[in-house]
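# Examination of the molecular architecture
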Amino acid sequence: MAAIIETRQLTHCYSQGTPFEHTALHAVDFSAGAGEYVAVIGRTGSGKSTLIQHLNGLLKPTSGQVLFDGADIWESKERTRQVRCQVGLVFQYPEYQLFEETVYQDIAFGPKNMGLEPEEVDRRVKQSARFVGLEPGVLDKSPFDLSGGQKRRVAIAGVIAMEPSVLVLDEPTAGLDPSGSAQILENIRTYHDEKGACVILVSHSMEEVAREAQRLVVIHKGSIPFSGPPGDVFAHGDELEAMGLGVPAMTRVFARLRSMGVDVPASVYTIPQARDAVLTALHRKGAV
Amino acid sequence: MALRDITLGQFFPGTSPIHSLDPRAKLVAMVCYIVALFLGQWFVTYAILLLVLAVVVAVSTVKPKALVRGLKPVVFILVFTAVLNMFYTPGEPLVSFWIFNITKEGILHAFFMVVRIVMLISCTFLLTYTTSPLALTDALESLMGPLKKLRVPVHELSMMMSIALRFIPTLIEETDKIMSAQRARGADLDSGGLIQRAKALIPLLVPLFISAFRRADELATAMECRCYHGGEGRTRMKQLHYRPGDVLFMLGASALAVSIGVLGHFGL
């Protein structure tokens with residue numbers, strides 16, 4: 001798959017030249033293909049937020065390159081601005097960035113900044129509101145009168161309305177209840193499927209990323225120790241636990257089974273996979 | 001990002017003798033030093049004051065680069081002061097064209113003014129770099145203690161100040177975050193004319209104010225939950241005590257101010 005966005009030997013150092021100097025990323029090579037659903041996982045302070053802020057040019061690399069569609073995003077000022085509209089970034093707790101009088105105006109802020117025609121802006125606002133499951137009646141309300149979960153959806157719609165070809169979300173489900181999280185994840189999946197956009201989901205919930213993403217990228221202390229399909233990454237269960245990241249419950253069950261000498265694969269992470277693996281193992285024993 | 005580099009009220013933790021001085025001693029010494037700066041009239045006195053500053057900086061292990069960075073925002077004021085003083089001081093004209101006269105006194109005056117401001121800012125930055133904001137407000141509360149008799153709400157003032165100082169970095173971080181988020185939505189914050197720029201601030205200021213009010217509310221609740229009810233009968237975990245070194249430091253600073261004042265009186 002052709003990479004739509006990638007970083008080459010990306011290093012970032014905060015507060016260079018002061019006693020608070022701190023290197024958050026060490027020569028990171030990251031890439032995501034067009035239409036791919038990638039999850040970035042890591043603990044708090046592992047550098048994942050720093051990495052994603054490089055993807056649309058909010059942070060400038062201390063050294064190394066960020067490429068979008070094969071060209072450096074820092075080539076010119078104009079290019080950086082273009083890339084910001086192509087790579088949509090939803091921050092953690094995005095509901096704190098709402099500011100307009102109505103939900104409609106807030107969602108329209110991004111498309112308007114892109115200089116689109118009013119009809120196009122209108123179409124995008126309505127479409128993105130539908131994507132995130134906002135009722136049409138909500139559009140005329142003040143964003144500050146909504147519930148936390150709805151505010152979050154408005155904020156996500158504000159980025160989706162720019163129709164980015166890469167959508168990056170930093171912990172979009174943080175602080176939401178299970179049904180709220182499930183809805184948001186479903187909205188993101190809909191956007192991914194319908195627009196064929198590349199989605200980069202930052203999370204520390206293994207269960208969540210295991211269900212959603214095609215590929216996992218693990219960040220630990222500013223570099224990427226593992227990356228690959230969920231099954232392959234979860235096969236490194238012990239190393240992941242040592243980094244303070246859990247593995248899905250199913251993977252843990254299978255790791256225990258393996259350590260007890262049962263011949264089952266290590267790369268199981270969902271319940272259907274577990275069922276199949278158990279049935280295969282039983283067949284082999286001739287029990288079923 | 002430029003915002004992160006704001007050094008106002010920043011504290012660089014350290015273990016130098018200057019760091020471990022009593023904050024009250026540092027505060028008093030700074031006031032003496034500033035008084036001395038404005039009493040001096042003579043090149044030699046400024047050389048002495050500069051030497052004193054250099055020694056304190058060297059002992060404090062604060063990088064001179066950090067002090068220079070603190071001066072950057074006031075460059076405009078410095079130039080403005082220098083130019084005004086140069087043109088508007090009466091005296092023996094050196095150069096004159098059209099309605100402008102540059103006088104010898106003017107140049108001297110401008111030079112002294114700039115030196116004073118630079119040294120004044122450097123020494124205040126030195127204080128905040130080497131003293132934690134908490135220690136600084138404790139020192140203020142303790143030094144203003146006698147005013148309590150005049151019903152000045154000293155404790156409340158210093159509590160407000162320490163809360164304000166405490167939230168400067170938080171609000172800067174918050175501003176930074178909101179700026180990034182709005183930039184990610186294509187907001188153009190740093191180009192265009194004055195009106196356009198002012199308009200571009202709305203997406204920044206509205207969320208910032210909302211979050212500041214939310215924080216204030218949460219902080220008030222948290223303080224009430226811990227039974228905070230003002231300064232009366234409140235004890236401290238860290239009591240301030242003068243040590244011989246602190247007294248010596250204050251005496252030295254006041255001696256400096258007095259001697260420079262005396263020299264200044266004789267026109268030196």
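Coordinates for the structure precede this section.
Since the model is a prediction, treat every value here as computed from it, not as a measurement. (Residues numbered from 1 in each chain as written. Chains lettered and ligands numbered in written order. Predicted model: local features only at pLDDT ≥ 70, side-chain atom pairs only at ≥ 80, totals over all residues. Heavy atoms only, no water.)

## Some words on the overall build of chain B
Along chain B, the regular secondary structure elements total eleven helices and two strands. Reading the secondary structure of chain B in the N-to-C direction produces α-α-α-α-α-β-β-α-α-α-α-α-α. With respect to the three principal axes, the spread of C-alpha positions in chain B is 65 × 55 × 40 Å. Counting every position in chain B, which comprises 268 residues, the buried fraction comes to 37%. Per element, the accessible surface of chain B, about 16,200 Å² overall, is 71% carbon and sulfur. Here chain B holds 25 positive side-chain charges and 17 negative ones, and the gap between their average locations is 3 Å. (Helix = DSSP H or I, 4+ residues; strand = E, 2+ residues; numbered from the N terminus. Buried < 20%, exposed > 50% of the residue type's maximum accessible area, 1.4 Å probe, protein only. Areas by Shrake-Rupley, 256 points an atom, 1.4 Å probe, with all protein chains shown as cover. Lys, Arg positive; Asp, Glu negative; His and termini not counted. Charge placed at Lys NZ, Arg CZ, Asp CG, Glu CD.)

## Considering the interface of chain B and chain A
Counting residues at the interface gives 23 residues for chain B and 24 residues for chain A. Between chain B and chain A, a total of about 2,100 Å² is buried, with carbon and sulfur atoms accounting for 62% of that surface. Counting the contacts that link chain B with chain A gives one salt bridge. Linking Asp106(A) and Arg185(B) is a salt bridge whose minimum nitrogen-to-oxygen distance equals 2.8 Å. (Contact = heavy atoms within 4.5 Å. Buried area = accessible area lost by both parts, 1.4 Å probe. Salt bridge = Lys/Arg side-chain N within 4 Å of Asp/Glu carboxyl O.)

## Some details on the side chain of Glu95(A)
Residues and elements named next belong to chain A. With respect to the element layout, Glu 95 can be found in the loop between β6 (87-90) and α3 (103-113). Within the local environment of Glu 95, its side chain forms a polar contact with the side chain of Arg 152, the two groups lying 2.9 Å apart. Beyond its immediate stretch of four places on either side in the chain, Glu 95 contacts Lys 151, Arg 152 and Ala 155. (Polar contact = N/O pair within 3.5 Å; in protein donor to acceptor, adjacent residues only side chain to side chain.)

## Remarks on the sheet that holds strand β4 (residues 63-68) of chain A
Sheet strands associate in pairs through backbone hydrogen bonding, adopting either a parallel or an antiparallel arrangement. Residue and element names in this part refer to chain A. The strand order β2-β1-β4-β5 describes an open sheet built from four strands, whose pairing is antiparallel. The open sheet has two edge strands, β2 (22-33) and β5 (71-72), and neither has a second partner. In this sheet, β5 lies alongside β4 in antiparallel orientation, the contact comprising two bridges. Paired with Phe 68 across the strands is Ala 71, a residue of β5. (Pairing = 2+ DSSP bridges.)

## Things to note about helix α2 (residues 77-86) of chain A
Among all positions of α2(A), only Arg79(A), Thr80(A), Val83(A), Arg84(A) and Cys85(A) are buried. Against the buried residues of α2(A) lie α1 (48-55), β4, β5 and β6 of chain A together with α8 (154-184) of chain B.

## Considering a nonpolar patch on the surface
A contiguous nonpolar surface patch, about 520 Å² in accessible area, is contributed by Trp42(B), Phe43(B), Val44(B), Ile48(B), Leu108(B) and Phe111(B). Looking at the nonpolar patch, the element that brings in the most residues is helix α3 (residues 43-60) of chain B, giving three residues. (Patch = residues over 30% accessible without salt bridge, like charges linked within 9 Å, V, L, I, M, F, W, Y side chains within 5 Å.)

## Regarding the packing of aromatic side chains
As enumerated under the stated definition, the model contains eleven aromatic pairs over all chains in all. Ring geometry for Phe131(A) versus Tyr191(A): centroids 5.5 Å apart, planes at 75°, classification edge-to-face. In this pair, Phe131(A) sits in helix α4 (residues 118-131) while Tyr191(A) sits in helix α6 (residues 178-195), placing the two residues 60 residues apart along the sequence. Among the aromatic residues, those joined into a cluster by ring pairs are Phe43(B), Tyr46(B), Phe111(B) and Phe112(B). Sitting over the face of the ring of Phe131(A), Arg130(A) holds its NZ or CZ atom 5.7 Å from the ring centroid. Here the basic side chain of Arg24(B) rests over the ring of Tyr242(B), its NZ or CZ set 4.0 Å away from the ring centre. (Phe/Tyr/Trp six-rings, centres within 6.5 Å; stacked < 30°, edge-to-face > 60°. Lys NZ or Arg CZ within 6 Å of the ring centre and 35° of its normal.)

## So, the sheet that holds strand β10 (residues 223-228) of chain A
Residues and elements named next belong to chain A. Spatial strand order, β6-β7-β8-β3-β9-β10: six strands in an open sheet with mixed pairing. What marks the edges here is a single partner per strand, and that holds for β6 and β10. This sheet shows a mean twist of 15° between the axes of neighbouring strands, independent of strand direction. Where strand β3 (residues 37-41) lies against strand β8 (residues 198-203), five bridges are found, and the strand directions are parallel. In the sheet register, Ile 41 faces β8, and the bridge partner there is Ser 203. (Axes fitted to C-alpha atoms, helices over the stretch in contact; angles between N-to-C directions.)

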